[in-house]
Amino acid sequence: MKDMSRATFLKLAGTALAITVVVSLVMVNIDWMGMDGSTEKGPIVTMLNVTIVLSTLVFSVVMVMMVYAIWKYRAKPGDESDGEPIHGNTKLEIIWTAIPTIIVVGLGIYSTIVLNDIEAEASNQMEVDVTAQQFAWRFDYPEQGVTSNELHVPSGTQLELHLNALDVLHSFWVPEWSIKRDLVPGSDQPAGDNIDDVVRVTPDVEGTYSVICTELCGWGHATMRAAAVVESQEEFDAWAADQEKIPEGSVSTGAAGGKGAGVYNDQVAK
Ligand SMILES: [Cu+2]
C-alpha cells in the first residue's frame, strides 16, 4: 500500500465503483422474486436490491485489488528469490474489518425494521389455521367455521396463518407472496407455546397461486401442493358459505387447536 500513489489508488477505486454500478444495474434488473402478489413483497424486494448492491461493492473492491496485486507484484522472468517478509498493515486491516462490520450491522438493523413493518398486525385480519401432513394441506377458518383443502382468501385482507404439522416438518410457501415459514409438529400443544407458528401476509392481487411445501418432508414432498385462490370479498363469502363445516366438537388443529386432527386425517390424505 505504501508504494501506491494517490493517482493509482483513485484509478483502482474508480474501477471498483464502475464495476459496482454496472454489475448492480444488471443484477437489480433481473426479476429474481417473480410476480408481486402481496403488500409485504415490495419492502422485501427493495431490501434484496440493497443487499445486492452492497454485495456487489464488496465483490468489486476485492476483485480489483486482487487482479491489481497479481499483475503489479508478479515475479519478473528469472526471478527465483523469496518474497519480501511482510508483517501486515494495521491501517488496512482496521479498514477491511470496520467497513464489512458497518455493512452487516446496518443490514441487520434495516432487516429488523422491514420485518417489524411487514409483520405488524393490521386492523382487518382473518385467521386461517394451516395444517400440513405428508403430503397434503388443510385450511380451517375458525371465524367462518369451515374447512377446505384449498386456501381461499379475500384480496387485501391480512391473513394470520396459524401453522401446525401432524407428522414431520413442512414449510408454507406461496412464491408470489414472498412469505415462507415452517410448520412444526407440536405447535398446537401446550409445550409448543414458544414455537413461532404465526405468519402474517396480505395477498393483494386476485388470481390462483400454489401453496408449496418447501421443506423436504418425504417421498411425496414434490407433490405437496394446494391451490391458493385470492378473490374479492364477495367471491370469498360465497365460497365460504359453500364449504364443509368444521364438525361439532372438533377443534381446529392450527396453533389454537387441540385434538381434531384425527378426524380429518383420512380425508386429507385421500
Ligand atoms: Cu414437503
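Heads up: the structure comes first, above all this text.
In this text, all values refer to a predicted model and were calculated from it rather than measured experimentally. (Residues numbered from 1 in each chain as written. Predicted model: local features only at pLDDT ≥ 70, side-chain atom pairs only at ≥ 80, totals over all residues. Heavy atoms only, no water.)

Draft legend 1. Geometry of the overall build of the chain. In terms of helices and strands, the chain carries 5 helices and 11 strands. In summary, the chain has a C-alpha radius of gyration of 26 Å against a globular reference of 18 Å for 270 residues, an excess of more than 25%. Based on the C-alpha atoms only, the size of the chain along its principal axes is roughly 85 × 35 × 30 Å. Here the chain holds 270 residues, and the buried ones make up 36% of them. For the chain, the computed accessible surface area is about 15700 Å², with 62% contributed by carbon and sulfur atoms. A gap of 17 Å separates the mean positions of the 16 positive and 36 negative side-chain charges of the chain. (Helix = DSSP H or I, 4+ residues; strand = E, 2+ residues; numbered from the N terminus. Rg over C-alpha atoms; globule rule 2.2 N^0.38 Å. Buried < 20%, exposed > 50% of the residue type's maximum accessible area, 1.4 Å probe, protein only. Areas by Shrake-Rupley, 256 points an atom, 1.4 Å probe, with all protein chains shown as cover. Lys, Arg positive; Asp, Glu negative; His and termini not counted. Charge placed at Lys NZ, Arg CZ, Asp CG, Glu CD.)

Draft legend 2. Main features of the sheet that holds strand β2 (residues 136-141). Sheet architecture is open: 6 strands sit in the order β8-β5-β1-β2-β3-β11, paired in mixed fashion. Looking at strand neighbours, the two that pair on one side only are β8 (198-201) and β11 (244-245), the edges of this open sheet. Where strand β1 (residues 125-133) and strand β5 (residues 158-165) come together, 8 bridges link them in parallel fashion. From the neighbouring strand, Glu 127 faces β5, where its bridge partner is Glu 160. (Pairing = 2+ DSSP bridges.)

Draft legend 3. Seen up close, the coordination of the copper ion. Looking at the copper ion, one finds its protein donor set to be Cys 213 (SG), Glu 215 (O), Cys 217 (SG) and His 221 (ND1), positioned 1.9 to 2.7 Å from the metal centre. Taken together, the 4 donor atoms coordinating the copper ion and their angles of 85 to 125° define a geometry best described as irregular. Mapped onto the sequence, the donors of the copper ion take the spacing C-x1-E-x1-C-x3-H. Residue classification places Cys 213 among the buried positions, given a relative accessible area of 4%. (Donors = N, O, S within 2.8 Å, 3.2 Å for Na, K, Ca; no water. Tetrahedral: all angles 85-135°; square planar, octahedral: opposite > 155°, others 65-115°.)

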